[in-house]
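Structure at a glance
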Amino acid sequence: MHSSDQDNDATRDEHIVFHARGLTKVYRMGEVEVIALRGVDLDLFRGEFVVLLGPSGSGKSTLLNILGGLDRPTEGTVLCRGLDLVQATERELTRFRRRVVGFVFQFYNLIPSLTARENVAIVTEISENPMAPEQALELVGLSKRHDHFPAQLSGGEQQRVAIARAIAKRPEVLLCDEPTGALDSATGISVLEALQRANHDLGTTTAVITHNADIARMADRVVTLSDGRIASISDNPDKIAPRELFW
Ligand SMILES: Nc1ncnc2c1ncn2[C@@H]1O[C@H](COP(=O)(O)OP(=O)(O)OP(=O)(O)O)[C@@H](O)[C@H]1O
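- The name given to the protein in an unreviewed UniProt entry is Putative ABC transport system ATP-binding protein, with Desulfonatronum thiosulfatophilum as the source organism.
- The record in UniProt for the protein states the following under Sequence similarities (unreviewed entry): "Belongs to the ABC transporter superfamily. Macrolide exporter (TC 3.A.1.122) family."

Here is the structure:
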(Lines give C-alpha, C1' and ligand atoms only; values in the text may rest on other atoms or scores of the structure.)
Protein backbone atom coordinates (compact mmCIF):
# COMPACT_ATOMS: atom_id res chain seq x y z
CA MET A 1 0.00 0.00 0.00
CA HIS A 2 1.32 3.49 -0.81
CA SER A 3 1.61 5.91 2.07
CA SER A 4 -0.94 8.19 0.42
CA ASP A 5 -3.44 5.29 0.43
CA GLN A 6 -2.76 4.82 4.12
CA ASP A 7 -3.31 8.52 4.71
CA ASN A 8 -6.56 8.31 2.81
CA ASP A 9 -7.67 5.33 4.86
CA ALA A 10 -6.78 7.12 8.10
CA THR A 11 -8.76 10.17 7.02
CA ARG A 12 -11.72 8.04 6.02
CA ASP A 13 -11.63 6.18 9.37
CA GLU A 14 -12.18 9.42 11.22
CA HIS A 15 -15.23 10.00 9.08
CA ILE A 16 -16.87 6.63 9.57
CA VAL A 17 -20.40 6.90 10.90
CA PHE A 18 -21.39 3.23 10.56
CA HIS A 19 -18.94 0.35 10.68
CA ALA A 20 -20.72 -2.95 9.98
CA ARG A 21 -18.92 -6.28 9.68
CA GLY A 22 -20.15 -9.79 9.00
CA LEU A 23 -23.83 -8.94 9.30
CA THR A 24 -26.04 -11.96 9.03
CA LYS A 25 -29.77 -11.98 9.57
CA VAL A 26 -31.86 -15.10 9.75
CA TYR A 27 -35.61 -14.82 10.18
CA ARG A 28 -37.14 -17.94 11.71
CA MET A 29 -40.84 -18.59 11.35
CA GLY A 30 -41.64 -22.01 12.78
CA GLU A 31 -39.80 -24.55 10.66
CA VAL A 32 -38.97 -22.03 7.96
CA GLU A 33 -35.72 -20.04 7.91
CA VAL A 34 -35.14 -17.08 5.66
CA ILE A 35 -31.58 -15.82 5.39
CA ALA A 36 -31.95 -12.12 4.65
CA LEU A 37 -28.28 -11.10 5.07
CA ARG A 38 -25.26 -13.36 4.49
CA GLY A 39 -22.19 -11.55 5.81
CA VAL A 40 -22.43 -7.87 4.92
CA ASP A 41 -19.44 -5.56 5.50
CA LEU A 42 -20.19 -1.88 5.02
CA ASP A 43 -18.90 1.49 6.20
CA LEU A 44 -20.88 4.68 5.79
CA PHE A 45 -19.03 7.98 5.97
CA ARG A 46 -20.04 11.30 7.44
CA GLY A 47 -22.06 13.53 5.16
CA GLU A 48 -22.26 11.15 2.21
CA PHE A 49 -25.37 10.36 0.17
CA VAL A 50 -25.57 6.62 -0.48
CA VAL A 51 -28.10 4.82 -2.64
CA LEU A 52 -28.84 1.15 -1.92
CA LEU A 53 -29.99 -0.86 -4.91
CA GLY A 54 -30.89 -4.52 -5.36
CA PRO A 55 -33.73 -6.81 -6.34
CA SER A 56 -36.74 -7.37 -4.16
CA GLY A 57 -35.80 -9.60 -1.23
CA SER A 58 -32.05 -8.91 -1.50
CA GLY A 59 -31.91 -7.59 2.08
CA LYS A 60 -31.95 -3.80 1.66
CA SER A 61 -34.62 -3.06 4.28
CA THR A 62 -33.16 -5.60 6.68
CA LEU A 63 -29.78 -3.86 6.44
CA LEU A 64 -31.27 -0.38 6.86
CA ASN A 65 -33.33 -1.48 9.85
CA ILE A 66 -30.22 -2.90 11.54
CA LEU A 67 -28.25 0.32 10.89
CA GLY A 68 -31.14 2.33 12.32
CA GLY A 69 -31.37 0.27 15.51
CA LEU A 70 -34.84 -1.02 14.61
CA ASP A 71 -33.63 -4.63 14.41
CA ARG A 72 -30.57 -6.62 15.45
CA PRO A 73 -28.47 -8.93 13.33
CA THR A 74 -28.26 -12.65 14.05
CA GLU A 75 -24.48 -12.37 13.78
CA GLY A 76 -21.99 -9.60 13.13
CA THR A 77 -21.10 -6.20 14.53
CA VAL A 78 -22.33 -2.65 13.90
CA LEU A 79 -20.73 0.36 15.47
CA CYS A 80 -22.15 3.86 15.19
CA ARG A 81 -20.31 6.74 16.79
CA GLY A 82 -18.92 4.54 19.57
CA LEU A 83 -22.14 2.66 20.26
CA ASP A 84 -22.19 -1.08 19.60
CA LEU A 85 -25.71 -1.53 18.21
CA VAL A 86 -25.62 -5.30 18.65
CA GLN A 87 -24.72 -5.26 22.35
CA ALA A 88 -26.71 -2.10 23.21
CA THR A 89 -29.56 -2.34 25.71
CA GLU A 90 -33.10 -1.53 24.52
CA ARG A 91 -32.82 1.76 26.36
CA GLU A 92 -29.59 2.66 24.57
CA LEU A 93 -31.13 1.74 21.22
CA THR A 94 -34.18 3.89 21.89
CA ARG A 95 -31.92 6.80 22.76
CA PHE A 96 -29.88 6.15 19.63
CA ARG A 97 -32.97 6.11 17.39
CA ARG A 98 -34.27 9.25 19.02
CA ARG A 99 -31.07 11.27 18.87
CA VAL A 100 -29.03 10.02 15.98
CA VAL A 101 -31.38 8.68 13.30
CA GLY A 102 -34.16 10.12 11.18
CA PHE A 103 -36.33 7.64 9.27
CA VAL A 104 -38.33 8.15 6.09
CA PHE A 105 -40.50 5.32 4.76
CA GLN A 106 -42.46 4.76 1.57
CA PHE A 107 -45.71 5.64 3.30
CA TYR A 108 -45.57 8.90 5.13
CA ASN A 109 -47.20 7.93 8.45
CA LEU A 110 -48.41 11.46 9.16
CA ILE A 111 -51.10 11.99 11.78
CA PRO A 112 -54.21 12.98 9.76
CA SER A 113 -55.70 15.23 12.45
CA LEU A 114 -52.56 17.37 12.79
CA THR A 115 -51.31 20.08 10.42
CA ALA A 116 -47.94 19.87 8.69
CA ARG A 117 -46.39 22.08 11.37
CA GLU A 118 -47.93 20.01 14.19
CA ASN A 119 -46.75 16.75 12.63
CA VAL A 120 -43.20 18.11 12.71
CA ALA A 121 -43.62 19.67 16.18
CA ILE A 122 -44.40 16.26 17.68
CA VAL A 123 -40.77 15.36 17.15
CA THR A 124 -39.19 18.73 17.92
CA GLU A 125 -40.96 18.81 21.29
CA ILE A 126 -39.06 15.73 22.46
CA SER A 127 -35.70 16.53 20.85
CA GLU A 128 -32.65 18.15 22.41
CA ASN A 129 -31.51 20.62 19.82
CA PRO A 130 -34.24 20.78 17.21
CA MET A 131 -34.80 23.37 14.54
CA ALA A 132 -38.15 25.15 14.52
CA PRO A 133 -40.83 23.17 12.64
CA GLU A 134 -41.16 26.13 10.26
CA GLN A 135 -37.45 25.96 9.41
CA ALA A 136 -37.65 22.22 8.72
CA LEU A 137 -40.68 22.76 6.47
CA GLU A 138 -38.87 25.56 4.65
CA LEU A 139 -35.87 23.29 4.05
CA VAL A 140 -38.10 20.85 2.18
CA GLY A 141 -39.78 23.64 0.20
CA LEU A 142 -43.08 23.70 2.10
CA SER A 143 -43.03 27.09 3.76
CA LYS A 144 -46.49 27.90 2.44
CA ARG A 145 -48.12 24.70 3.68
CA HIS A 146 -47.65 24.88 7.48
CA ASP A 147 -51.30 24.87 8.30
CA HIS A 148 -52.45 22.25 5.81
CA PHE A 149 -53.64 18.87 7.02
CA PRO A 150 -52.22 15.77 5.32
CA ALA A 151 -55.43 15.25 3.33
CA GLN A 152 -54.95 18.73 1.84
CA LEU A 153 -51.45 17.88 0.59
CA SER A 154 -50.28 15.89 -2.44
CA GLY A 155 -48.35 12.65 -1.95
CA GLY A 156 -45.04 14.40 -2.62
CA GLU A 157 -45.90 17.19 -0.20
CA GLN A 158 -46.85 14.66 2.48
CA GLN A 159 -43.55 12.88 1.97
CA ARG A 160 -41.74 16.20 2.29
CA VAL A 161 -43.53 16.81 5.61
CA ALA A 162 -42.30 13.36 6.66
CA ILE A 163 -38.76 14.39 5.68
CA ALA A 164 -39.12 17.69 7.59
CA ARG A 165 -40.25 15.67 10.62
CA ALA A 166 -37.25 13.35 10.27
CA ILE A 167 -34.65 16.12 9.92
CA ALA A 168 -36.07 18.64 12.40
CA LYS A 169 -34.20 17.02 15.26
CA ARG A 170 -30.94 17.44 13.27
CA PRO A 171 -30.15 13.73 13.13
CA GLU A 172 -26.66 12.72 12.17
CA VAL A 173 -28.10 10.06 9.89
CA LEU A 174 -31.16 9.90 7.65
CA LEU A 175 -32.30 6.43 6.56
CA CYS A 176 -34.90 6.30 3.79
CA ASP A 177 -36.67 3.13 2.63
CA GLU A 178 -38.21 3.66 -0.83
CA PRO A 179 -39.07 7.32 -0.18
CA THR A 180 -40.27 7.84 -3.75
CA GLY A 181 -41.81 4.38 -4.20
CA ALA A 182 -45.39 5.63 -4.14
CA LEU A 183 -44.81 8.75 -6.23
CA ASP A 184 -44.78 9.67 -9.91
CA SER A 185 -41.46 10.88 -11.28
CA ALA A 186 -41.98 14.67 -11.06
CA THR A 187 -43.20 14.37 -7.48
CA GLY A 188 -40.45 11.90 -6.67
CA ILE A 189 -37.87 14.38 -7.88
CA SER A 190 -39.20 17.08 -5.53
CA VAL A 191 -38.80 14.59 -2.68
CA LEU A 192 -35.24 13.74 -3.77
CA GLU A 193 -34.45 17.47 -3.90
CA ALA A 194 -35.61 17.76 -0.29
CA LEU A 195 -33.37 14.85 0.71
CA GLN A 196 -30.42 16.30 -1.16
CA ARG A 197 -30.94 19.68 0.45
CA ALA A 198 -30.99 18.16 3.95
CA ASN A 199 -27.85 16.22 3.11
CA HIS A 200 -26.11 19.30 1.73
CA ASP A 201 -27.29 21.96 4.18
CA LEU A 202 -27.23 19.91 7.39
CA GLY A 203 -24.46 17.46 6.49
CA THR A 204 -26.75 14.56 7.34
CA THR A 205 -25.33 11.20 6.27
CA THR A 206 -28.09 9.84 4.05
CA ALA A 207 -28.84 6.31 2.85
CA VAL A 208 -31.71 5.78 0.42
CA ILE A 209 -33.13 2.43 -0.65
CA THR A 210 -34.69 2.45 -4.09
CA HIS A 211 -35.71 0.12 -6.89
CA ASN A 212 -35.02 2.91 -9.32
CA ALA A 213 -31.44 2.65 -10.61
CA ASP A 214 -31.65 6.13 -12.13
CA ILE A 215 -31.69 7.64 -8.63
CA ALA A 216 -28.18 6.24 -8.11
CA ARG A 217 -26.93 9.00 -10.43
CA MET A 218 -27.45 11.60 -7.64
CA ALA A 219 -25.50 9.58 -5.03
CA ASP A 220 -21.91 9.89 -3.82
CA ARG A 221 -21.75 6.08 -3.58
CA VAL A 222 -23.93 3.24 -4.77
CA VAL A 223 -24.20 -0.02 -2.84
CA THR A 224 -25.84 -2.95 -4.62
CA LEU A 225 -27.15 -5.95 -2.71
CA SER A 226 -27.89 -9.34 -4.18
CA ASP A 227 -29.24 -12.32 -2.27
CA GLY A 228 -28.20 -10.95 1.12
CA ARG A 229 -24.68 -10.00 0.06
CA ILE A 230 -23.01 -6.83 -1.17
CA ALA A 231 -22.60 -7.33 -4.90
CA SER A 232 -20.81 -4.03 -5.51
CA ILE A 233 -19.92 -0.66 -4.03
CA SER A 234 -19.07 2.10 -6.45
CA ASP A 235 -18.15 5.76 -6.18
CA ASN A 236 -20.06 8.17 -8.37
CA PRO A 237 -17.77 11.12 -9.05
CA ASP A 238 -20.16 12.63 -11.60
CA LYS A 239 -23.22 12.92 -9.46
CA ILE A 240 -26.05 14.97 -10.87
CA ALA A 241 -28.84 17.06 -9.39
CA PRO A 242 -32.22 15.37 -8.83
CA ARG A 243 -33.89 17.63 -11.40
CA GLU A 244 -31.60 16.18 -14.07
CA LEU A 245 -32.91 12.69 -13.36
CA PHE A 246 -35.66 11.15 -15.42
CA TRP A 247 -37.44 7.82 -15.27
N1 LIG B 1 -39.87 -9.88 9.58
C2 LIG B 1 -39.55 -10.82 8.68
N3 LIG B 1 -39.85 -12.11 8.90
C4 LIG B 1 -39.52 -13.07 8.03
N5 LIG B 1 -38.85 -12.84 6.86
C6 LIG B 1 -38.54 -11.58 6.59
C7 LIG B 1 -38.87 -10.50 7.46
N8 LIG B 1 -38.42 -9.34 6.92
C9 LIG B 1 -37.85 -9.67 5.74
N10 LIG B 1 -37.91 -11.02 5.53
C11 LIG B 1 -37.35 -11.75 4.39
O12 LIG B 1 -35.98 -11.43 4.29
C13 LIG B 1 -35.58 -11.26 2.93
C14 LIG B 1 -35.01 -9.88 2.73
O15 LIG B 1 -36.06 -8.94 2.91
P16 LIG B 1 -35.85 -7.36 2.79
O17 LIG B 1 -37.16 -6.72 3.09
O18 LIG B 1 -34.68 -6.95 3.61
O19 LIG B 1 -35.47 -7.20 1.26
P20 LIG B 1 -35.52 -5.91 0.33
O21 LIG B 1 -34.31 -5.98 -0.53
O22 LIG B 1 -35.68 -4.70 1.17
O23 LIG B 1 -36.82 -6.18 -0.52
P24 LIG B 1 -37.87 -5.14 -1.17
O25 LIG B 1 -37.08 -4.39 -2.21
O26 LIG B 1 -38.91 -6.04 -1.76
O27 LIG B 1 -38.37 -4.27 -0.06
C28 LIG B 1 -36.83 -11.54 2.11
O29 LIG B 1 -36.79 -12.86 1.66
C30 LIG B 1 -37.96 -11.32 3.07
O31 LIG B 1 -39.08 -12.12 2.74
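The discussion continues.
1. Examining the site of the ligand
- Looking at the ligand, the residues that line it are Tyr27, Met29, Val34, Ala36, Gly54, Ser56, Gly57, Ser58, Gly59, Lys60, Ser61 and Thr62.
- Secondary structure elements with two or more residues in the shell around the ligand: strand E1 (16–29), strand E2 (32–45) and helix H2 (60–67).
- The element contributing the most residues to the shell around the ligand is H2, with 3 residues.
- Of the residues contributing to the shell around the ligand, the split by class is 4 nonpolar, 7 polar and 1 charged.

2. Notes on the sheet that holds strand E9 (residues 221–226)
- If you trace the 6 strands from one edge of the open sheet to the other, you get E6-E7-E8-E3-E9-E10, paired in mixed fashion. Two strands in the sheet have a free side with no partner beyond their single neighbour: strand E6 (101–104) and strand E10 (229–235). For this sheet the average axis-to-axis angle between neighbouring strands, irrespective of direction, equals 15°.
- Sheet analysis places strand E3 (residues 49–53) next to E9, joined by 4 bridges and oriented parallel. Following the sheet pairing, Val51 is matched in E9 by Val222.

3. Description of unusual backbone geometry
- Despite not being glycine, Arg170 has its phi angle at roughly 55°, a positive value.
- You can see Arg170 is positioned in the loop between helix H6 (155–167) and strand E7 (173–177).
- With 18 C-beta atoms packed within 10 Å, Arg170 lands in the partly exposed category.
- Phi is positive for Asp227, close to 50°, though the residue is something other than glycine.

4. Side note on the packing of H6 against helix H7 (residues 185–202)
- Packing of H6 against H7 leaves a shortest axis separation of 8 Å and a crossing angle of 15°. Regarding the angle of H6 to H7, the classification is roughly parallel. When the axes of H6 and H7 are compared, the crossing they make is right-handed. Taken together, the residues of H7 that come into contact with H6 (itself represented by Gly155, Gly156, Gln159, Arg160, Ile163 and Ile167) are Thr187, Ser190, Val191, Ala194, Leu195, Ala198 and Leu202.
- Split into classes, the residues belonging to the contact of H6 with H7 amount to 7 nonpolar, 5 polar and 1 charged.

Reading the values: the criteria
- Residues numbered from 1 in each chain as written.
- Predicted model: local features only at pLDDT ≥ 70, side-chain atom pairs only at ≥ 80, totals over all residues.
- UniProt positions renumbered as here; feature names shortened; annotations may be inferred.
- Near = placed C-beta within 6 Å.
- Helix = DSSP H or I, 4+ residues; strand = E, 2+ residues; numbered from the N terminus.
- Nonpolar A, V, L, I, M, F, W, Y, C, P; charged D, E, K, R; others polar.
- Pairing = 2+ DSSP bridges.
- Axes fitted to C-alpha atoms, helices over the stretch in contact; angles between N-to-C directions.
- Buried ≥ 20, exposed ≤ 12 C-beta atoms within 10 Å, placed from the backbone.
- Parallel < 35°, antiparallel > 145°, perpendicular 65-115°, else oblique.
- Left-handed = near helix turned anticlockwise from the far one by under 90°.
- Contact = placed C-beta atoms within 7 Å.

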